[in-house]
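Chain residues, written in single-letter form:
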Amino acid sequence: MRDLLASLDGLRERLREIPQADERRLQELKTEILGRKAGVLTDILKALPGLAPEARKAAGGAANALKREFETAIDARERELAHAARRIPGVDLTMPGRPQWRGGLHLVTQVVDEICEIFRELGFTRVVGPEAETERYNFFALNFPRDHPALDAQDSFYLGDDVLLRTHTSPVQIRTLETYRPPVRVVIPGQVYRRDPFDPSHSPVFEQLEGLAVDEGLSFVDFKATLSAFARKFFSADTQVRFRPSFFPFTEPSAEMDVQCQICMGSGCPTCKQTGWMEILGSGMVHPAVLENCGVDSERYTGFAWGMGPHRIAMSRHGIPDIRLFFESDVRFLEQFAGLVR
Amino acid sequence: MIVSRRWLEALLGCALDARETAERLTMQCAAVDAVLPLHQELDGVLVARVLEVRPHPNADRLSLCLVDAGGAEGPIEVVCGAPNVQAGKTYPYAPVGAVLPGGLKLERKKIRGVVSNGMLCSARELGLGLDHEGILELDTTAAPGARFLDAVPVADHQFVLDVNANRPDLLCHKGVARELAAALGAAVKLPAIPGGNPAVVPSFRPVAAAQGVVDGVEVRLEDPEGAPRYMIAVIRGMTVGKSPAWLASRLTAVGQRPINNVVDATNYILHELNQPLHAFDLARLRGPAVVVRRARPMERVVTLDGVERTMTPDMTAICDAERPTIVAGVMGSAESEVSEATTDLVLECAYFQPTRIRRTRRALELSSDSSYRFERGIDLLGMPDALRRAIELIVAVAGGAVREPPLDLWPQPEQPRTVFLRPERVAHLLGVSVARGEIERLLSSVGFVVAPKDERLAVQVPGWRPDVTREVDLIEEVARLRGYDTFPDEWRPFRPSAVPDAPVEHLLARIREQLARAGFYEARTIPLGPADGPESVEVLNPLSAEERYLRTRLLPGLVRRVEHNWSNRNRDVRLFEVGTVFRRGKGQGAMGTGAPEEQVSLAGVLTGARRPPHWTEAAKVPDMDIWDLKQHFELAVGLACQGAAMQVAADGVGWEAVGAGGEIVGRASALESDAPVWAAPLFGFEVRVGLGAPALQQYRPLPATPPVERDVALVLPAGVTAAAVSERFRRAAGPLLERLEVFDEYRGDNIPAGTRSVAWHCSFRDPARTLEQAEVDRLVAAALRVLEDELDVRRRES
């Protein structure tokens, strides 16, 4: 009995050989120790029934535990050797993988989608409208006076007497209010046209993104909450926001929203003209005349609206110096911003 | 619009911090684009008293001055070339080491053999004007050695204001000061005019008439629509000359060049009170009469800038008894202008109709400080005060006298406007309740006159605020004067939008994403270009001939973008665009005549290698060909117009997609382009995007039985298409044929001339049982019989 336990101890020493064993040695060890016919441990286990009950219990427990240890160790070493076998000798794994052409969405599309997605979380749906509009939709319903300078042919592209390429996406506000009863909460992306020749910061065509909320009880507080929430989601959670007076025919009170300059984070730099602020959007409470022009009761309903330029936002956020790059479609430019594709 | 800090301080009677003021104005009424310090570079200049003036030993025109500049070392010697230097007077002195405007750094140097310790300076040398005839004599009690900037009020800041179009009142110092006064709890008071006396102006009242005579000058207001209120004063016996320093420095502080005392005085009033004035020489006025009328067709006047202008009856002209002397509200003529010889002056103070002035300015392409203000609307009610102050100022700086009360023609007098405000409406719109008392205080602080009226406030609008016409305008005043920042931005409950998403936006997003995944970059090209089809819509006022039409298709624009890429040596180009195209409307569109039809289109262009090269493949990657085009065209058609069928184009070049009504909704082909020799072939497709609801996919059970596969090589006579063979094969083989795919084409030896061999892979399956080989052989044989009978297509002998 004592011999038996001693030989088990001796056998346990041999566990150490396993992690170093190569494929052949491992098979030899397996046969020598666990072999069904002449394995050392197998023999010990076979001899157990001949022992006295007390000794059988003690030796049997120890022998079976050792057997499990050998099995586990051999198993682990076998897996290790199999994994190593997958290494192909002489292959340089730093060589490039098989490539595929990449494609991507235009940066302006991505910015528009990103902004619309943020406003979707704030309860806004997404609508669009025609690019050729009448003066009524583009100007008069929006409370532009008949003699407003924007109506001059110097500023807008005209297609007919009172048909022009929309100068902003605001006509879609009118179309929406004419079609749906409040509550209205919409964002309106789209292309707009101004009679400005191309230069680094102007284009005759550019993207605009407008928003409109009209319902009972909407106030200046809701307006500020909504647009501040947008700015903090779009830029960063601790972005400073400020609202200051402005003027648009279709909002009253009107406001300009500035966010902390994203280049200098507010300390002042050439990009923000040392003010520490970046102008992001024009906005305000919907002018009651606009609601009245759409047949909406301006005593009962109030609302807010805003408009911003995704090109300009993209330019300031990504450091793009010239708006023409967006239209030239050089694939090297498009490729730089393809990484954001979902 | 530029305002001077020092000028504002004079109106407010208190000192202002430049940065704080800029911040306040930005947050309360008008953004300050820049704060520009003035004359800060004179930091090193001191006040010095000349103790003694001696002739220079070696030069007749120079003198040697003993100067007390406050230094501990006592008087110093300075060489001076100015004829006006006098002992006992004080002058600006730039010591050695000081840097003057323009960058001149003073050094101790010998002038004609005598060392000069610095320099006594002229106004021009200090950047304070053009005067260089002598050194600048200072009228100051400051002790020698004091900083020049502390002793003389020239250090200033310019605020560059971005004034909104609805706030003409902010186009002058008084208006800006009014806003600051409201914030500071101060009052605006016009500073006394040095040497002025308000009593020189006889009192006058408006007359509801269109003509009158003042001091021998006949005034006729024949165009009261263009000039609703028109005032004339006559000042006789004045002397045109240089402005006093205080007046000149006010003007230079806002970037205006002093001209003469009369012109400077009118400019001063413009910048102080926003009232443009026009002064002209009575001696050159025929009649003497002032006639305000519409210009006659082709009537000409040579404006001050020396250009001959042709007027139209849409413009108002100010004329003498014979001909126009002023384009009303825009610019006067050289002929009637005040000159050195002028002694008697006609002073015009008018209100011109804003739209009229704007149109005139645009038509003549001529703008001025006056037109800028008139077209935004000046203070109709404040004109008499402005005229009084202008007369007082002119008499103070140029002498002369007013013998008769000015004439104030106002055929249809207007009363101040009253707007009613419900205090509860303020809380309703702003979301924060503002006490009635605070509302009254805020409005009063900028000149509104507030009185209770029933439950409301009756608010009288001052003349300088033409923008305030309804209740909501007053609510804006409350909001901005209280400060937009004082309103919380807390979330309050809201109802979800009743407006559904535009379905087309979902479709377009899906299309964009799929094309991007297929390796295409999205382009956004401009929709303006040359005509690209007979239905092109023309822009009436294009920027250039090359951008005169709206696109009817996206492809031409994309081809231009490919050419641009080629010019940048980009050979592999895959672009797509989703955008609006325009076609001439039928005339009864929703928007009436002239409105084009709009349609969303999807187009793509592809050229270059089929895939990027990889080092494991020795051979050059092949360029994309028509089969790559077909693949992407099919993708585009599947995305953009569900249910459209593909067919070979009628002209045999490329393919067409045909809609349910038989109309062609898409095309794909190789494209013509201006390609460099190294470019690969260019292909393109364009599909009209139609909104079709995609059918809901229903689950089909996954078969558990094995397929039986066969490859069949067939010989197709000339003119027989693969599509025709596939169609008959399917029909003949029946429903057990699960898949049928072309996998090879062969032309050449071993098959009859003029034919080609095409090989199909077929896969049969019965979901309910395992098919027998023999059964499949029978189906294939049946199909081959049909092909032979109908198309003369036979199995290829191997």
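Residues numbered from 1 in each chain as written. Chains lettered and ligands numbered in written order. Predicted model: local features only at pLDDT ≥ 70, side-chain atom pairs only at ≥ 80, totals over all residues. Heavy atoms only, no water.

What follows covers the interface of chain A and chain B. Quite often, the size of an interface is put as the accessible area lost when its parts meet. In this assembly, 101 residues from chain A lie in contact with 96 residues from chain B. Interface area for chain A against chain B, summed over the two sides, is near 8600 Å², with a carbon-plus-sulfur share of 56%. Broken down residue by residue, the surface that chain A buries against chain B is led by W101, V221 and P245 of chain A, which jointly contribute 9%. At the surface where chain A touches chain B, the tally comes to 11 salt bridges. (Contact = heavy atoms within 4.5 Å. Buried area = accessible area lost by both parts, 1.4 Å probe. Salt bridge = Lys/Arg side-chain N within 4 Å of Asp/Glu carboxyl O.)

Moving on: the pairing of strand 39 (residues 756–764) of chain B. Residues and elements named next belong to chain B. The element strand 39 is largely enclosed, with a buried count of nine among its nine residues. Where burial is concerned, the two faces of strand 39 agree: the one with R756, V758, W760, C762 and F764 and the one with S757, A759, H761 and S763 are both buried. Pairing of strand 37 (residues 708–716) with strand 39 involves nine bridges; the strand directions are antiparallel. Note that in strand 39 the partner of R710 across the bridge is C762. The pairing of strand 38 (residues 737–746) with strand 39 spans eight bridges and is antiparallel. Bridging from a neighbouring strand, Y746 pairs with S757 of strand 39. (Buried < 20%, exposed > 50% of the residue type's maximum accessible area, 1.4 Å probe, protein only. Helix = DSSP H or I, 4+ residues; strand = E, 2+ residues; numbered from the N terminus. Pairing = 2+ DSSP bridges.)

What follows deals with helix 9 (residues 383–398) of chain B. All names here are of chain B. For helix 9, spanning 16 residues, the distance from its first C-alpha to its last is 22 Å, which sits close to the expected 22 Å at 1.5 Å a residue. The buried fraction of helix 9 is high, at 13 of 16 residues. G399 lies just past helix 9 and shows a positive phi near 75°. (Expected span 1.5 Å × (residues − 1).)

The next point concerns the domain arrangement of chain A. On domain assignment, one finds that chain A holds domain 1 (2–85) and domain 2 (107–340). Once you take the C-alpha centre of each, domain 1 of chain A and domain 2 of chain A turn out to be 78 Å apart. (Domains from an automatic or database assignment.)

Residue and element names in this part refer to chain B. Per the counting criterion, the structure on display carries zero disulfides over all chains. No disulfide involves C14; its sulfur sits 15 Å from the nearest other cysteine sulfur, which is in C29. Here C14 falls in the partly exposed class, since its relative accessible area comes to 29%. (Disulfide = S-S within 2.5 Å.)

Moving on, we get to the sheet that holds strand 25 (residues 449–453) of chain B. All names here are of chain B. If you trace the three strands from one edge of the open sheet to the other, you get 24-26-25, paired in antiparallel fashion. Here the strands that pair on one side only, and so sit at the sheet edges, are strand 24 (418–421) and strand 25. The average angle at which neighbouring strand axes cross in this sheet is 30°, direction not considered. Of the pairings in the sheet, the one linking strand 24 to strand 26 (residues 456–460) comprises four bridges and is antiparallel in character. Bridging from a neighbouring strand, L421 pairs with L457 of strand 26. Contacting strand 24 and strand 26, helix 12 (residues 471–482) runs over the sheet at an angle of about 70° to strand 24. (Axes fitted to C-alpha atoms, helices over the stretch in contact; angles between N-to-C directions.)

What follows concerns unusual backbone geometry. Note that the residue after P182 of chain A, namely P183 of chain A, is joined by a cis bond; omega there is 5°. Along the chain, P183 of chain A falls in the loop between helix 7 (171–179) and strand 4 (184–193). In this structure, the amide linkage connecting E252 of chain A to the following residue, P253 of chain A, adopts the cis form with an omega of -10°. Position of P253 of chain A relative to the elements: it lies in strand 7 (residues 251–260). The phi torsion at N274 of chain B lies on the positive side, around 65°, for a residue other than glycine. Within the fold, N274 of chain B resides in the loop between helix 6 (261–273) and strand 14 (277–281). Owing to a relative accessible area of 5%, N274 of chain B belongs among the buried residues under this scheme. Positive phi, close to 50°, is recorded for E365 of chain B, a residue that is not glycine. With a relative accessible area of 71%, E365 of chain B lands in the exposed category.

Residue and element names in this part refer to chain A. Among the 10 residues of strand 8 (residues 277–286), eight are classified as buried, and the element is accordingly described as predominantly covered. Where strand 7 and strand 8 come together, eight bridges link them in antiparallel fashion. Opposite V259, over in strand 8, you have M278 as the bridge partner. Bridging between strand 8 and strand 9 (residues 301–308) involves five bridges; their strand directions are antiparallel. In the sheet register, G284 faces strand 9, and the bridge partner there is A305.

Glancing now at the layout of surface pockets. Residues and elements named next belong to chain B. Volume-wise, the second largest pocket comes out at about 1400 Å³. Lining the second largest pocket are 48 residues, with L128, A245, W246, A248 and S249 positioned closest to its centre. If you list the elements that add at least two residues to the lining of the second largest pocket, you get strand 10 (156–162), helix 5 (245–253) and helix 6. With seven residues, the top contributor of residues to the lining of the second largest pocket is helix 5. Of the residues contributing to the lining of the second largest pocket, the split by class is 23 nonpolar, 14 polar and 11 charged. (1 Å grid on protein atoms, 1.4 Å probe; cavity = no way out; pocket = protein on both sides within 12 Å on 5 of 7 lines; lining within 4 Å. Points joined across faces, edges and corners; volume = space filled by probe spheres on them. Nonpolar A, V, L, I, M, F, W, Y, C, P; charged D, E, K, R; others polar.)

Turning our attention to the packing of helix 2 (residues 18–28) of chain B against helix 4 (residues 173–184) of chain B. Residues and elements named next belong to chain B. Two elements in contact, helix 2 and helix 4, have axes separated by 11 Å at closest approach and are oriented at 95°. Considered as vectors, helix 2 and helix 4 are oriented roughly perpendicular to each other. Between helix 2 and helix 4, the contacting residues are T21, R24, L25 and Q28 on the first element and V176, E179, L180, A183 and L184 on the second. Tallied by class, the residues present in the contact of helix 2 with helix 4 amount to five nonpolar, two polar and two charged. (Parallel < 35°, antiparallel > 145°, perpendicular 65-115°, else oblique.)

Residues and elements named next belong to chain A. Tracing the backbone shows I174 in helix 7. Owing to a relative accessible area of 0%, I174 belongs among the buried residues under this scheme. Residues within four places of I174 in sequence aside, it is in contact with R136, Y137, A141, L142, V290 and C294.

So, about the nonpolar core. Grouped together as the largest cluster of nonpolar side chains are 104 residues, with contacts concentrated most on F119 and F326 of chain A together with L575 of chain B. Counting 92 residues, the second largest nonpolar core, distinct from the first, contains L180, A295, V301 and Y351 of chain B. (Core = buried A, V, L, I, M, F, W, Y, C linked by side-chain atoms within 4.5 Å.)

Attention now moves to the side chain of Q275 of chain B. Residues and elements named next belong to chain B. Looking at where Q275 falls in the secondary structure, it is placed in the loop between helix 6 and strand 14. Using a relative accessible area of 3% as the deciding quantity, one classes Q275 as buried. A distance of 3.2 Å separates a polar side-chain atom of Q275 from the backbone oxygen of A350. When near neighbours in sequence (up to four residues on either side) are disregarded, Q275 contacts I269, L270, C349, A350, I378, M383 and A386. (Polar contact = N/O pair within 3.5 Å; in protein donor to acceptor, adjacent residues only side chain to side chain.)

On to helix 10 (residues 310–318) of chain A, then. Residues P310, H311, I313, A314, M315 and S316 of chain A constitute the buried set of helix 10 of chain A. Backbone geometry just downstream of helix 10 of chain A places G319 of chain A in the positive-phi region, at approximately 70°.

A word on the pattern of salt bridges. All names here are of chain B. Applying the stated criterion across every chain yields a total of 94 salt bridges over all chains. Between E322 and R286 there is a salt bridge, and its shortest N-O distance comes to 3.5 Å. Here R286 lies in the loop between strand 14 and strand 15 (289–294) and E322 lies in the loop between strand 18 (316–319) and strand 19 (324–327), a separation of 36 residues in the sequence. Residue R286 is classed as partly exposed on the basis of its relative accessible area of 22%. The shortest N-O distance in the salt bridge between E656 and R667 comes to 3.5 Å. Taken as a pair, E656 in strand 34 (residues 655–658) and R667 in strand 35 (residues 664–670) lie far apart in primary sequence, 11 residues in all. What you see here is one network of salt bridges that share partners, running through R167, D169, E179, R465, D467, E477 and R480.

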